[in-house]
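Fold and contact review
Listed below are the residues making up each chain.
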Number of protein chains: 2
Amino acid sequence: MVAAFAALGGQRVWSLMISLFGDLAQGHGDAIDGPVLSTIMAALGVRPEASRVALHRLRNDGWLQSRKVGRISQHSLTAQGRAESAAASPRIYAAPPDLSEPWQMVLTEENGRETDKNLRAGGFVSVTPRVYIGPMGSTAPKGSLALQGEAPPDWLRRAAEPVALEAEYDALLSALMAVEQQMARTSQMNALDIAVLRCLIVHNWRRLVLKHPALPGGLMRRDWAGYQCHLRVDGLLRRYPRPALQDLAAASAVA
Amino acid sequence: MVAAFAALGGQRVWSLMISLFGDLAQGHGDAIDGPVLSTIMAALGVRPEASRVALHRLRNDGWLQSRKVGRISQHSLTAQGRAESAAASPRIYAAPPDLSEPWQMVLTEENGRETDKNLRAGGFVSVTPRVYIGPMGSTAPKGSLALQGEAPPDWLRRAAEPVALEAEYDALLSALMAVEQQMARTSQMNALDIAVLRCLIVHNWRRLVLKHPALPGGLMRRDWAGYQCHLRVDGLLRRYPRPALQDLAAASAVA
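Here the structure is a predicted model, which means the values were calculated and not measured. (Residues numbered from 1 in each chain as written. Chains lettered and ligands numbered in written order. Predicted model: local features only at pLDDT ≥ 70, side-chain atom pairs only at ≥ 80, totals over all residues. Heavy atoms only, no water.)

**Brief notes about the relation of the copies chain A and chain B**
The two copies are related by a screw motion: chain A maps onto chain B through a turn of 180 degrees and a shift of 0.0 Å along the axis, at an RMSD of 0.1 Å. Look at the turn and shift together and you get a two-fold axis relating the two. The rotation axis passes nearest to the C-alpha of Leu147 of chain A in chain A, at a distance of 3.5 Å. A symmetric contact is evident, with 100% of the interface residues of chain A recurring at the interface of chain B. (Least-squares fit on C-alpha atoms with pLDDT ≥ 70 in both. Contact = heavy atoms within 4.5 Å.)

Below, the structure written as structure tokens:
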């Protein structure tokens with residue numbers, strides 16, 4: 001399972017840890033026990049020393065906090081860490097879009113830098129100077145022409161895709177398909193196995209999906225790797241729901 | 001009346017004569033008697049010699065034909081002249097468009113010369129490379145994105161206007177307004193007066209309107225001089241309908 005994702009790169013330990021806490025312990029008061037964290041990080045192929053360094057860094061950066069409870073440490077997201085996780089979650093955990101979702105085309109009056117910035121911030125993608133496509137819900141700049149999209153030709157759908165991430169989405173798709181096959185052969189998954197699987201999926205998915213605006217489904221090619229990844233990420237996360245923190249502690253005590 | 005239009009330029013005699021025949025004698029078998037033609041051309045401020053030269057030229061070019069009937073000559077459009085007049089008539093005599101007439105926006109895949117040529121031939125106007133606006137009825141190139149237009153901002157309406165003709169449309173509008181005032185003070189118009197008035201209107205209108213594609217009403221500014229001219233051309237031509245050729249002959253015999 002770890003092997004399938006290992007080739008994807010970008011497995012910086014502190015970043016993996018953010019994915020892990022964001023997935024398992026985003027709730028107020030949620031904490032992960034030190035032994036549970038060690039077991040999961042080990043299962044992710046991270047050496048104990050590297051885990052300690054990452055933990056230290058994330059504490060310094062204000063993402064995580066730790067406290068001693070009896071003989072063990074409990075680690076949790078800080079208020080800031082929870083807020084940042086919460087801000088990213090809607091994108092990360094969104095269901096795949098309906099491919100008939102409405103979209104719009106915007107033609108601006110001028111080719112202005114400020115307008116361009118605002119449009120991109122609103123989830124629009126530039127097709128050619130002054131022409132943008134994006135979600136129906138985003139507001140077009142005042143004075144621009146905004147038309148409801150219909151039947152986008154294939155080249156327009158492709159123009160909306162983040163081409164710079166093409167190879168990375170292809171690689172993620174291969175990894176997800178390998179994991180699906182592996183899961184089909186696996187009968188038993190305990191809470192720790194699931195935590196590790198979810199961390200790998202969430203981590204590798206968020207690395208890509210947060211790098212580009214959310215495309216409206218109506219502009220998506222069904223066979224775009226990004227969409228195919230989304231279907232699989234969504235399917236796997238539903239099939240293996242987030243384990244409860246007590247179950248993790250119990251599984252870790254047994255292990 | 002003639003004075004109001006004299007400043008507009010482009011009053012080449014042969015071209016004026018084409019406007020006259022197109023307006024008065026476009027029907028199969030229609031002919032204008034020599035004396036009637038001379039009277040009208042004189043009223044238009046054309047010297048007899050210039051009329052004769054134009055007539056000669058148009059006969060040589062295959063636009064007009066003349067035949068002797070008794071002691072007078074009768075002049076008529078050739079089959080070719082009639083066909084060319086008929087081809088231009090729908091544009092010249094079209095009613096002003098409804099300003100809510102639908103329009104479309106087309107985004108082409110490439111910035112190709114051939115596609116551009118075809119779109120312009122179909123009545124589209126280029127807004128920026130790859131982006132065209134035009135009538136709903138025209139066919140967008142295969143593979144392009146075509147969206148139904150809605151609520152065009154003012155700059156887009158202006159972008160659709162033939163800017164090169166702006167000064168000429170302004171001048172025509174002034175002339176038409178002057179003629180309207182003059183007509184309000186004129187009680188009696190005989191068939192010859194009407195023929196002259198119509199010739200001046202049709203001639204000066206067609207010189208401009210045939211130089212650019214017909215814009216769909218939905219893309220037109222109400223106060224665009226081209227639209228304001230259209231309203232007045234249409235109003236005057238309706239108020240002074242085409243006189244019958246016999247009435248012209250009778251009026252000319254009296255004159």
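**Thoughts on the side chain of Ser252 of chain A**
Residues and elements named next belong to chain A. By the secondary structure assignment, Ser252 is in helix 11 (residues 245-254). In terms of polar contacts, Ser252 uses its side chain to reach the side chain of Thr39, at 3.3 Å. Aside from chain neighbours lying at most four places away, what touches Ser252 is Pro35, Val36, Thr39 and Leu192. (Helix = DSSP H or I, 4+ residues; strand = E, 2+ residues; numbered from the N terminus. Polar contact = N/O pair within 3.5 Å; in protein donor to acceptor, adjacent residues only side chain to side chain.)

**Observations concerning the interface of chain A and chain B**
Contact with chain A, which involves 22 residues of that partner, is made by 22 residues of chain B. Taken over both partners, the interface formed by chain A and chain B buries close to 1600 Å², and the fraction arising from carbon and sulfur atoms is 72%. In terms of surface lost to chain B, no three residues of chain A exceed Leu145, Leu147 and Trp155 of chain A, which account for 36% of the buried area on that side. Across the chain A-chain B interface, the total number found is zero salt bridges. One can count two residue pairs in polar contact (both at pLDDT 80 or more) joining chain A with chain B. At the level of elements, strand 4 (103-107), strand 5 (125-128), strand 7 (145-148) and helix 7 (154-160) of chain A are the ones that each hand at least two residues to the side of chain A that touches chain B. Grouping the constituent residues of the side of chain A that touches chain B by class yields 13 nonpolar, six polar and three charged. (Buried area = accessible area lost by both parts, 1.4 Å probe. Salt bridge = Lys/Arg side-chain N within 4 Å of Asp/Glu carboxyl O. Nonpolar A, V, L, I, M, F, W, Y, C, P; charged D, E, K, R; others polar.)

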